[in-house]
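One-letter residues, chain by chain:
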Amino acid sequence: MKSINGNQFADMVKMGAHHLFQNADYVDALNVFPVPDGDTGTNMNLSMTSGAKETAAHTSEHIGKTAQALSKGLLMGARGNSGVILSQLFRGFGKSIEQHATLDAKQFAQALQYGVETAYKAVMKPVEGTILTVAKDSAKKAVEASETITDISELMAVVVEESKLSLNRTPDLLPVLKEVGVVDSGGQGLVFVYEGFLASLKGEALPERTISSSMDDLVSAEHHKSVQGYMDTADIEFGFCTEFMVRFEEGKKAFIENDFRNDLSEYGDSLLVISDDEIAKIHIHSETPGEVLTYGQQYGDLIKIKIENMRQQHTDIVGEGHSSNTAKKAEVHPYAVVTVAMGTGVAELLKSLGASAVIEGGQTMNPSTEDIVKAIESVGAERVLILPNNKNIVMAAEQAAEVLGIEAAVVPTKTIPQGMAAILAFNAQATVQENQKNMTDAFAHVKTGQVTFAVRDTSIDGVEIKKDDFMSLAEGKIILSQPSRVEAATKLAKELIDEDSEIVTVIYGEDVTEEEAGKFASFIEENFEDVEVELYNGKQPLYPYILSVE
């Protein structure tokens, strides 16, 4: 095959997206840190799926036009850093071939190279040993090989081979990968995309992963069935769509599907369980997703978690009523601060501080570029400041700011405490640029602490971690791991609070009782007399405690 056109490229995209979809769970499982937010595969899958849908809807025989469709779909669907980088790779690819009706091997290789250059420019501080390295190495090899190889399928085989070799080298470039014993998850996702491209060019089928696809089909059917009964958001009894997988572990509780299903049915409705000898995949609608996850951990490792707020989704789809929506659209505000958070209590707290809108998202559910754009458009503002509150959402927020038709800037908050401090520094009389600087300066003085649970045994930075232990994270670094949640929280407080500290804000999650949280707040007051303590029920999943120290 000496050249490819837009129709052939569209099929490559379709196969690449499908292969990534089939293996998204595996990519998620490569998450370095043992926290319950390994979502690289999910983010890349949703991003690539968005690109594939746009490509299918606007396929042209002209490959440049087809590539532009892929670029647009990826741009708007990009989620998380991995999804944004993937979108930038194909944004550059598409830009370089927009005038081409067909591509030969050399042009294809050069387009891959241009995509790499575009992606590197989009990342403020590129890190080697990641998806960027895998893309760079495979593109470089493609350019070299295109001097002698004229068949595109042969060239793609070279790209796939080099991408796998580069992936296996990532632990040598990023020490934390070697310490944990995994390859880079984003790089693995890109390899799956490239394998799909090659299968399309060779006319070969790729192996199916039936447990994922059958569960997804069942979940879609269950959602379709359950939504028929909801005429109003308030009617939703179990508000959190919770999906996760359990990899069975020797020495843990024996898995008996009927017993497992009966026990879980006590936590909600719309329960689906699919299992084989090694794993079980679960879907349930529950009011207490944290308790559901804790139950699942009795059987083994949690290797994928996704929690979505169905009440928020329902409100976004049907609105609060036609008349009120019309009024909202007609009203234009001079300024808006739009932020991201998980937990209804956290959202309420951010709104009370001055946030115009809070997008449901964070760990395990990064909003896409399009999600952020739609949320901002719904506010109806002339100028907007975007606070991601998560390091994996910053790049998607920056892409959203670029495509909006209004003046917009990102304040690169990476935690809820940083977001709180930034909102308090907002000045409606200042320019967007002045606010961006002042709000960024404001959160620089805030320290963040988090308590969460470990999803597997590992060792990071000298800290031995046991599955199901509670980990204390100070400024994003794991400092200790132990069985007691209360001890993890108190030791974290001692690590973060010093003689210069004045205010400590404690945000407790959905699994923590008011009594336990109150005792923790009292501990801080008794041990640090000069510190003022503020206590809030954030109702956030996965993180029992979030601490802000100023």
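Above this text is the structure in question.
Calculation notes
- Residues numbered from 1 in each chain as written.
- Predicted model: local features only at pLDDT ≥ 70, side-chain atom pairs only at ≥ 80, totals over all residues.
- Heavy atoms only, no water.
- Salt bridge = Lys/Arg side-chain N within 4 Å of Asp/Glu carboxyl O.
- Helix = DSSP H or I, 4+ residues; strand = E, 2+ residues; numbered from the N terminus.
- Pairing = 2+ DSSP bridges.
- Buried < 20%, exposed > 50% of the residue type's maximum accessible area, 1.4 Å probe, protein only.
- Phe/Tyr/Trp six-rings, centres within 6.5 Å; stacked < 30°, edge-to-face > 60°.
- Axes fitted to C-alpha atoms, helices over the stretch in contact; angles between N-to-C directions.
- Contact = heavy atoms within 4.5 Å.

Student: What is the right way to look at the pattern of salt bridges in this model?
Tutor: For side chains bearing opposite charge, pairing can occur when the charged atoms are close. A complete count under the given rule lists 20 salt bridges for this structure. Lys72 is the salt-bridge partner of Glu54, the closest N and O atoms lying 4.0 Å from each other. Placement of Glu54 in helix H3 (residues 40-57) and of Lys72 in helix H4 (residues 63-77) is noted, with a sequence separation of 18 residues between them. Where salt bridges share partners, they join Lys252, Asp301, Lys467 and Asp468 into one cluster.

Student: Which parts of the structure should I look at to understand the pairing of strand S15 (residues 477-482)?
Tutor: Two faces belong to every sheet, and in a regular strand the side chains alternate between them. Note that strand S14 (residues 470-474) and S15 share five bridges and pair antiparallel. Looking at the pairing, Leu473 lines up with Ile478 of S15. Joining the antiparallel neighbours S14 and S15 is a turn of two residues, in which Glu475 adopts a positive phi near 55 degrees.

Student: Can you walk me through the pairing of S14 in this structure?
Tutor: Burial of S14 is extensive: five of the five residues sit out of reach of the surface. Every second residue of S14 is oriented toward a common face, with Phe470, Ser472 and Ala474 on one face and Met471 and Leu473 on the other, all of them buried. Note that strand S11 (residues 447-453) and S14 share five bridges and pair antiparallel. When the sheet's bridge partners are listed, Phe453 is paired in S14 with Phe470.

Student: Any chance you could explain the packing of aromatic side chains here in plain terms?
Tutor: Aromatic rings considered in pairs are described by the distance between their centres and by the relative angle of their planes. Here the structure, examined in full by the defined rule, presents 16 aromatic pairs. Between Phe9 and Phe197, the aromatic rings sit 6.3 Å apart at their centres with planes inclined by 65 degrees, giving edge-to-face as the arrangement. One end of the pair, Phe9, is in helix H1 (residues 6-22); the other, Phe197, is in helix H10 (residues 185-202), and 188 residues separate them in sequence. By relative accessible area, Phe9 is classed as buried at 0%.

Student: Explain the sheet that holds strand S7 (residues 336-341) here, please?
Tutor: What links the strands of a sheet is backbone hydrogen bonding, and the strands pair in either a parallel or an antiparallel sense. In space, the four strands of this open sheet follow the order S8-S7-S9-S10, with parallel pairing throughout. Looking at the sheet topology across the chains shown, the edges are occupied by strand S8 (357-360) and strand S10 (407-410). Each adjacent strand pair in this sheet contributes to an overall mean axis angle of 20 degrees, direction not counted. As paired elements, strand S9 (residues 383-387) and S10 share four bridges and run parallel to each other. Across the sheet, the residue bridging to Ile386 is Val410, located in S10. Lying on the sheet, helix H17 (residues 369-379) is in contact with S7, S8 and S9; it crosses S8 at an angle near 155 degrees. Contacting S9 and S10, helix H18 (residues 394-403) runs over the sheet at an angle of about 170 degrees to S10.

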